[in-house]
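# Secondary and tertiary structure notes
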Amino acid sequence: MKASIGFSLLILLSLLLSSCGMNMYDQPKANLYAAAPYVKDKVVGTARPLPEGVVSRERGAVDPTFYTALTPEGLATDLPIPVTMEVLERGQERYNIYCSPCHNFNGNGLGMIVQKGMPQPASFHDPRLRASPVGYYYNAMTNGFGRMFSYASRIPPEDRWAIAAYIKALQLSQNASLSDVPESLRDSLEVQGASR
Amino acid sequence: MALLATSLTVFARTSNNKVRVPIEQPVAFSHALHNGQLGLDCRYCHTSVEVAAAANIPPTETCMTCHSQIRVGSPQLAAVQASWDSGEPLAWNKVHDLADFVYFNHSAHINKGIGCSSCHGRIDQMAAIWKNEPMTMGWCLECHRNPAAQVRPRSEVFNMAYVPPAEGQLELGEQLVEAYHINEEKLPQCSTCHR
C-alpha cells in the first residue's frame, strides 16, 4: 500500500516536472511571426509592416538613379553597375524565378500564368519594347505597370538591374542575324540550319 | 526520478511530434498546384530562404500579384481577398516548429548544396503540407556527421525531383564538401545548433 502511494506520488511529480520542462521549448521571446500582444494596433505579430516612406540605407548613400532609374534626361539608358557575365547570369536566374511565370522564358508574354487567365503582356520582342531603354524595365519592376504589381519588395535593386540587363540581352538574342555571329563560327551555324 | 521526469518530457515531446500529418490551413493553398503544376520557383514566395535564417511566409501581396486577376471572387480565395482589403495578415498554421533552444539557419544549408527536398520532401506533390522528417536532434546529426552522403550540386537545391546519382554519391559528396568548404569538424558540435 505504502509503496503504491509512493509510486503514485512519483508519477504525479514527474508529470508535473515534465510539463515544467516545456518552458525551454517555448520560451517567452519574440519568435518569427509570433503574435505580439504588446502591439496595440490591429495587425498583430512580430512581422511589422514598414512605416510609410522608409528608405533602406543598408547600401550606403542613396544614389537616386540607382534606386529609381530616373536621370534628368528621363529613364536611364545605361546600367549603373558594370555589365559582366556574372551579372547577366544572375539576371537570367532571377528573371526565370520572378518574371517567366507570366512573360515566359523567352519573353514572348505567354507564360504559364497567362495561359491560366492572367492578362497577356506585350512581347519583349515587340519593336516598341526593343527600342525602350534599360531603365524602362527597372522602372516597371520597381513601380509596377498597369495590372502588374511592383516587385520592389521581393527583388533588391542590384537584382532588378541584373534582370533589366538580361532582358536587353534576351531581346538581342531573339533578333540576331547571321552577321552578328563571328565569322569563324558562321559555317557551323549554317550547317545546323540546313540540316533542320 | 529525474531520469523518469526527463524521459517523460522527451516522450511527451516525441509522441506529439506529428510527422507526415497534413496541417490544415485557413486557405486551401496547394503547393502541388502552384509548384508542381504551375511550376513556380520556391523563391517567388519564400524570398529570404537564400539569404536569411528563416524562410519567410509570403505576405498577402504576393498572392495578389496573380489573384488580383486570376479566380477573382472564388470562394476558395475569400479569406485572401478579405486579408488584402483589411490589411490584416492571414494566420497560417505552423507546420514546423523547432524547440526555441535550437538555432536553425536556412541560408547556411541552401548555399552549401543541401536541397529543400532533403528536409521537406516532395513539397511539389503536397496539397496541404506536412512535416516530412522528425526534425529531432538525432535526425539533424545523422547528416551533420556525414554531409557527403546528402550534399548535391548547388544548381539542384531547388529541384524537388532531384535524385542522387545511383552510384558514386559519396565521391560526388566528398568533392562538393571540399568545393563548398563545408566544415565537417564544426558540424556535429553542440554550439552549432545550441547557444
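To be clear, the structure that these remarks concern was listed above.
What this report covers is the structure whose coordinates are included nearby. Computed from a predicted structure; not experimentally measured. (Residues numbered from 1 in each chain as written. Chains lettered and ligands numbered in written order. Predicted model: local features only at pLDDT ≥ 70, side-chain atom pairs only at ≥ 80, totals over all residues. Heavy atoms only, no water.)

## Digging into the overall build of chain A
Across its full length, chain A carries nine helices and two strands. Put simply, chain A has 196 residues, and 30% of those count as buried. Taking as baseline every contact in chain A between residues at least 6 positions apart, the subset at least 24 positions apart corresponds to 48%. About 12600 Å² of surface is accessible on chain A, with carbon and sulfur atoms providing 61% of the total. (Helix = DSSP H or I, 4+ residues; strand = E, 2+ residues; numbered from the N terminus. Buried < 20%, exposed > 50% of the residue type's maximum accessible area, 1.4 Å probe, protein only. Contact = heavy atoms within 4.5 Å. Areas by Shrake-Rupley, 256 points an atom, 1.4 Å probe, with all protein chains shown as cover.)

## Focus on the packing of aromatic side chains
Counted under the stated rule, the structure contains eleven aromatic pairs over all chains. Between the aromatic rings of Tyr98(A) and Tyr44(B), the centroid separation amounts to 6.2 Å while the plane-to-plane angle is 35°, which identifies the pairing as tilted. Here Tyr44(B) lies in helix α3 (residues 42-45) and Tyr98(A) lies in helix α3 (residues 85-98), a pairing that spans two chains. Here Tyr98(A) and Tyr44(B) have matching classes, each one buried. One Lys or Arg, Arg154(A), reaches over the ring of Tyr44(B) and ends 4.5 Å from the middle of that ring. Over the ring of Phe158(B) we find Arg43(B), and its NZ or CZ is 3.6 Å from the ring centre. (Phe/Tyr/Trp six-rings, centres within 6.5 Å; stacked < 30°, edge-to-face > 60°. Lys NZ or Arg CZ within 6 Å of the ring centre and 35° of its normal.)

## A short note on helix α4 (residues 60-67) of chain B
When you tally the buried positions in α4(B), you get seven out of eight residues, the bulk of the element. What α4(B) keeps buried is the set Thr60(B), Thr62(B), Cys63(B), Met64(B), Thr65(B), Cys66(B) and His67(B). Its buried side turned inward, α4(B) meets α5 (112-115) of chain A together with α2 (31-37), α3 and α5 (78-86) of chain B.

## Describing the packing of α3(A) against helix α8 (residues 157-174) of chain A
Residues and elements named next belong to chain A. One way to put it is that α3 packs onto α8 with a least axis distance of 7 Å and a crossing angle of 95°. The angle between the axes of α3 and α8 places the two elements in the roughly perpendicular class. Residues Val 87, Leu 88, Arg 90, Gly 91, Gln 92, Arg 94 and Tyr 95 of α3 form the contact with α8, whose own contacting residues are Asp 159, Ala 162, Ile 163, Ala 165, Tyr 166, Ile 167, Ala 169 and Leu 170. Taken together, the residues that form the contact of α3 with α8 break down as ten nonpolar, two polar and three charged. (Axes fitted to C-alpha atoms, helices over the stretch in contact; angles between N-to-C directions. Parallel < 35°, antiparallel > 145°, perpendicular 65-115°, else oblique. Nonpolar A, V, L, I, M, F, W, Y, C, P; charged D, E, K, R; others polar.)

Without other data, these values stay purely geometric and don't point to any function.
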